[in-house]
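One-letter residues, chain by chain:
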Amino acid sequence: MTRPLVELEGLTVHFAMPRKSTLERGPGSVLQAVSDVSFSIAPGETLALVGESGCGKTTLARALVGLYPPARGAIRYKGTDLLAMSARERKHTRRAIQMIFQDPYESLNPRLPVSEVITEPLVIHGIGGRAERALRARELIHLVGLPQDALNRYPHQFSGGQRQRIAIARALGPAPELMVADEPLSALDVSIQSQILNLMGQLRDQHRLSLLFISHDLAVVHHLADRVAVMYLGRIVEIAPRAELYDTPSHPYSRALIDAIPRVGQGRRSRGRSIPGDLPSPLNPPAGCAFHPRCPKAQPVCRNEAPVLAPVATRPLQFAACHFKE
Amino acid sequence: MLRFILSRLVQSLVVLLVMSFVIYGLIGLMPGDPIDVMVNSNPGYTAADVARLRAQYGLDQPLLARYWHWLVAASGLNFGYSRTYQQPVLAIMLPALLQTAKLVLIAFAVFSTLAVTLGVIASLYRGTIVDRAINLLAFAGISIPVFFLALILIYLFAVRLGWFPASGMFTIGGPQSFADSAKYYVLPVLTLTAAFGGSFTRFTRASMVEVLRMDYIRTARAKGAGPTRIVLKHALRNALIPVVTVLALSFGSLMGGVLITETMFAQRGMGKLIFEAILGNDFNLALMGLLFATSATLFSNLLADIAYAWLDPRISLT
């Protein structure tokens, strides 16, 4: 196997919750948004990260690009730990990991013309002179399928899909090796979603990008991903190549997610089964396997012992964290 | 943009016309007239003198007719004589206007710079002791009445410490240098800064806190932007949009503040001029002074609109 481009090992992200009243003593409670997550992404590989809202997907992505400091764990880029680097080295390495955000209406500064939105990362990372950057901006805007004069306009003059194209151009600017896309489609119209999805697939292939694609929609992920990681309450419960995950999901949660995909031609009654119960509060996660209160296969052992991520019997590339994996 | 400004100027002229009528009417409604003031100060006038003076000043005519005469003259840029100064109104007003403009502009520059700086610092250290200290200072400035603060400052810095003069505009018989007259501005500017800076500090802080939460700030951080770039380029430039608008609007109320400080510190500016003109029933002077205050407010409104469109690319003026 080739050396991974980016490797997470035991990544854990905490948020300290504010105390409810000033009378409360002692340390406030801690929200464990991401617990002990490990996976790697190979060069050119697309890993999809799926899970319900609030499971920690976004936190994981933001920690990966350096927006949140992890409490524990390592983020290795080509073998070196980002968190152990000097600030200067880290800044240089960050160039190689760029992020696209969920909401293109909010993620672009309304006071910056598009040309500045796109060239700013180049300025920050000291790439090229003024003329070169202007040239690069024209190249990038063309790459994402927008007209040249878009550069002189402001974000509010564009539609959601166009703005997400601008965000993609911005992220491509410093020639990253890994692109982290945090639900880049969820704020867009359905008709626009497929355009952006195709654009991202196309750019990934042209530029040999690795892609960490976060989504709550397994149907979307199916088009794009090489491998899929399923997250539940801050932990990876299953990670497997796409075909294995869709055809033979091992974890009951993955199975439930796949069963929940609506399918054409089966009528209203089989719109997909939903998972019973609500996502428990990450402030007070259930003991043992976090999924056990909602799991159809739960046994007493699930209540007491947390399962670890381990290969599934006959499929060495498929990993699941379950006492009763299929 | 140009069309917008032109149409606003025309609107402003209409407002000034209406205001001139209202002010003229209000002055006309004041008890007594200038002749009564003259008679009071010199009991030697006979009834015949009074009648002759009334006719001479046109005060025997009805209010509407008097207003019409003023308007016709004013449209030829003849704004009449000041009764108390025995000089054309403009000749009296211009030096006072210059004095007030100086004070207003200096105070404005000082308090807006200070308020924006403190507001940004407070927002960056939100919830800490720094934030609370700035808050306390801001609320103190908002709460203390201007005249009282002026007295406190005079007592402290002029009487007790003797650092700055208590009142006036320059040292009589002094060196007439810049440094000399600058000393006289310190306390009035300080008073106005305290009175106006507080609310703008709070306003800047609130606006910054809101902007710092925006998604595009996170985008900037993800780009790798350092704290200086994030605060100055991404946050402050957006946070200033509402602040600048309200700052521009404050020019009008600053005129009101100046009226008090000029009285407290005995400086001959517009505020004091208007105040004395009304007391002395010097109606030509009072009218022009008040019309000037009106145009200052109108102008600051126009300024606010232009600033808004200039700062925010999402706004276009038509």
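Scroll up a little and you will see the structure.
Model, not experiment: these values are computed from the prediction.

## Focus: the overall build of chain B
In step 1: Along chain B, the regular secondary structure elements total 12 helices and two strands.
In step 2: Ordering the α and β elements of chain B from the N terminus gives α-α-α-α-β-β-α-α-α-α-α-α-α-α.
In step 3: Taking the contacts inside chain B whose residues are at least 6 apart along the sequence as the reference set, 74% of them involve residues at least 24 apart.
In step 4: Total accessible area computed for chain B in this model is approximately 16,700 Å², and 71% of it derives from carbon and sulfur atoms.
In step 5: Treating the 23 positive side-chain charges of chain B as one cloud and the 13 negative ones as another, the clouds have centres 15 Å apart.

## Points about the sheet that holds strand β10 (residues 235-241) of chain A
All names here are of chain A.
In step 1: Strand order in the open sheet formed by eight strands is β6-β7-β8-β3-β9-β10-β12-β11, with mixed pairing between adjacent strands. Two strands close off the open sheet at either side, each with one partner strand: β6 (97-100) and β11 (310-312). On average, each strand axis in the sheet is tilted by 25 degrees relative to the strand beside it, whichever way the strands run.
In step 2: As judged from the four bridges shared by strand β3 (residues 46-50) and strand β9 (residues 227-232), these two strands associate in the parallel manner. Looking at the pairing, L49 lines up with A229 of β9.
In step 3: Here helix α5 (residues 160-172) sits on the sheet and contacts β6 and β7 (178-182); the angle it forms with β6, its principal contact strand, is near 170 degrees.

## Points about the pattern of salt bridges
In step 1: If you walk through the whole model with that rule in mind, you get 20 salt bridges over all chains.
In step 2: When the shortest N-O distance is used, the salt bridge between K223(B) and E120(A) registers 2.9 Å. Here K223(B) is found in helix α9 (residues 215-223), whereas its partner E120(A) is found in helix α3 (residues 114-124) on a different chain.
In step 3: E276(B) serves as the salt-bridge partner of K272(B), at 3.3 Å between the closest nitrogen and oxygen.

## Some words on the pairing of β9(A)
All names here are of chain A.
In step 1: By the criterion of burial, β9 is predominantly enclosed, with six of the six residues buried.
In step 2: Of the two faces of β9, the one carrying R227, A229 and M231 and the one carrying V228, V230 and Y232 are both buried.
In step 3: Examined bridge by bridge, β9 and β10 share six bridges and lie antiparallel to one another. Its bridge partner being in β10, A229 is matched across the sheet by I239.
In step 4: From the end of β9 to the start of β10, which pair antiparallel, there are two residues, and L233 there has a positive phi angle of about 45 degrees.

## Some words on helix α2 (residues 34-41) of chain B
All names here are of chain B.
In step 1: Those residues of α2 that sit buried are P34, I35 and M38. Buried residues along α2 cover an arc of 100 degrees about the axis, so they all sit on one side.
In step 2: Contacts made by the buried residues of α2 are with α3 (47-57) and α12 (283-311).

## Focus on the side chain of E183(A)
All names here are of chain A.
In step 1: Relative to the assigned elements, E183 resides in the loop between β7 and α6 (190-207).
In step 2: Within polar-contact distance, the side chain of E183 engages the side chain of H216 at 2.7 Å.
In step 3: Setting aside chain neighbours within four positions, we find E183 in contact with K57, Q102, I214, S215 and H216.

## Some remarks on the interface of chain A and chain B
In step 1: Contact residues are listed per partner, giving 23 residues for chain A and 19 residues for chain B.
In step 2: For the pair chain A and chain B, the two sides together bury roughly 2,200 Å², of which 53% comes from carbon and sulfur.
In step 3: In terms of surface lost to chain B, no three residues of chain A exceed L67(A), R111(A) and E120(A), which account for 31% of the buried area on that side.
In step 4: The interface formed by chain A and chain B holds four salt bridges in total.
In step 5: Here K233(B) makes a salt bridge to E120(A), at a shortest N to O gap of 3.9 Å.

## Notes on unusual backbone geometry
Residues and elements named next belong to chain A.
In step 1: Despite not being glycine, E183 has its phi angle at roughly 45 degrees, a positive value.
In step 2: E183 sits in the buried class, given a relative accessible area of 8%.
In step 3: A positive phi angle, near 45 degrees, is found at L233, a position not held by glycine.

## Some details on the packing of helix α5 (residues 89-124) of chain B against α12(B)
Helix-helix packing is characterised by the crossing angle of the two axes and by the distance between the axes.
All names here are of chain B.
In step 1: Close contact between α5 and α12 brings their axes to 10 Å; oriented N to C, the two are set at 45 degrees. Between α5 and α12, the interaxial angle falls into the category oblique. As for the relative orientation of α5 and α12, their crossing is right-handed in sense. Note on element contacts: α12 touches α5 through N284, L285, M288, G289 and F292, opposite V89, I92, M93 and L97.

## Considering the state of the cysteines
In step 1: Scanning all chains against the criterion turns up zero disulfides over all chains.
In step 2: Lacking any disulfide linkage, C289(A) is separated from the closest cysteine sulfur, that of C302(A), by 5.9 Å.

## Let's talk about the environment of S29(A)
In step 1: In this fold, S29(A) is placed in the loop between β1 (6-16) and β2 (30-41).
In step 2: Counting along the chain gives 11 residues from S29(A) to P18(A), while the straight-line C-alpha distance between them is 7.6 Å.

## Re a nonpolar patch on the surface
All names here are of chain B.
In step 1: Nonpolar side chains collect at one region of the surface, where I144, F147, F148, L151, I152, L259, I260, F275 and L279 lie side by side and expose about 800 Å² of accessible area between them.
In step 2: Elements supplying a minimum of two residues to the nonpolar patch: α7 (146-160), α10 (227-264) and α11 (270-279).
In step 3: With four residues, α7 is the largest single contributor of residues to the nonpolar patch.
In step 4: Following the sequence through the fold, F148 ends up in helix α7.

## Re the packing of α7(B) against α10(B)
Residue and element names in this part refer to chain B.
In step 1: Two elements in contact, α7 and α10, have axes whose closest approach is 10 Å; the angle formed by their N-to-C orientations is 35 degrees. Helix-helix and strand crossings are classified by hand; for α7 and α10 the assignment is right-handed. Facing α7, whose interface residues are V146, F147, A150, L151 and I154, α10 presents I260, T261 and M264.
In step 2: Here the residues of the contact of α7 with α10 sort into seven nonpolar, one polar and no charged.

## As for the environment of P262(A)
Residue and element names in this part refer to chain A.
In step 1: Examined against the element boundaries, P262 turns out to sit in the loop between α9 (252-259) and α10 (300-304).
In step 2: Under the relative-accessibility criterion, P262 is labelled exposed at 59%.
In step 3: Distance in space between the C-alpha atoms of P262 and A219 is 8.9 Å, their sequence separation being 43 residues.

## Things to note about the sheet that holds strand β5 (residues 80-81) of chain A
Within a beta sheet, neighbouring strands are joined by backbone hydrogen bonds and run either parallel or antiparallel to one another.
All names here are of chain A.
In step 1: Strands sit in the order β2-β1-β4-β5 across an open sheet of four strands; the sheet is antiparallel. Since the sheet does not close on itself, it has two edges, and those belong to β2 and β5, each with one partner.
In step 2: As paired strands, β1 and β2 are joined by eight bridges and run antiparallel to one another. Along β2, the bridge assignment pairs E7 with S40.
In step 3: Relative to the sheet, helix α1 (residues 57-64) contacts β1, β2 and β4 (72-77), its axis offset from that of β1 by approximately 115 degrees.

Criteria and cut-off values
- Residues numbered from 1 in each chain as written.
- Chains lettered and ligands numbered in written order.
- Predicted model: local features only at pLDDT ≥ 70, side-chain atom pairs only at ≥ 80, totals over all residues.
- Heavy atoms only, no water.
- Helix = DSSP H or I, 4+ residues; strand = E, 2+ residues; numbered from the N terminus.
- Contact = heavy atoms within 4.5 Å.
- Areas by Shrake-Rupley, 256 points an atom, 1.4 Å probe, with all protein chains shown as cover.
- Lys, Arg positive; Asp, Glu negative; His and termini not counted.
- Charge placed at Lys NZ, Arg CZ, Asp CG, Glu CD.
- Pairing = 2+ DSSP bridges.
- Axes fitted to C-alpha atoms, helices over the stretch in contact; angles between N-to-C directions.
- Salt bridge = Lys/Arg side-chain N within 4 Å of Asp/Glu carboxyl O.
- Buried < 20%, exposed > 50% of the residue type's maximum accessible area, 1.4 Å probe, protein only.
- Arc of directions from axis to C-beta.
- Polar contact = N/O pair within 3.5 Å; in protein donor to acceptor, adjacent residues only side chain to side chain.
- Buried area = accessible area lost by both parts, 1.4 Å probe.
- Parallel < 35°, antiparallel > 145°, perpendicular 65-115°, else oblique.
- Left-handed = near helix turned anticlockwise from the far one by under 90°.
- Disulfide = S-S within 2.5 Å.
- Patch = residues over 30% accessible without salt bridge, like charges linked within 9 Å, V, L, I, M, F, W, Y side chains within 5 Å.
- Nonpolar A, V, L, I, M, F, W, Y, C, P; charged D, E, K, R; others polar.

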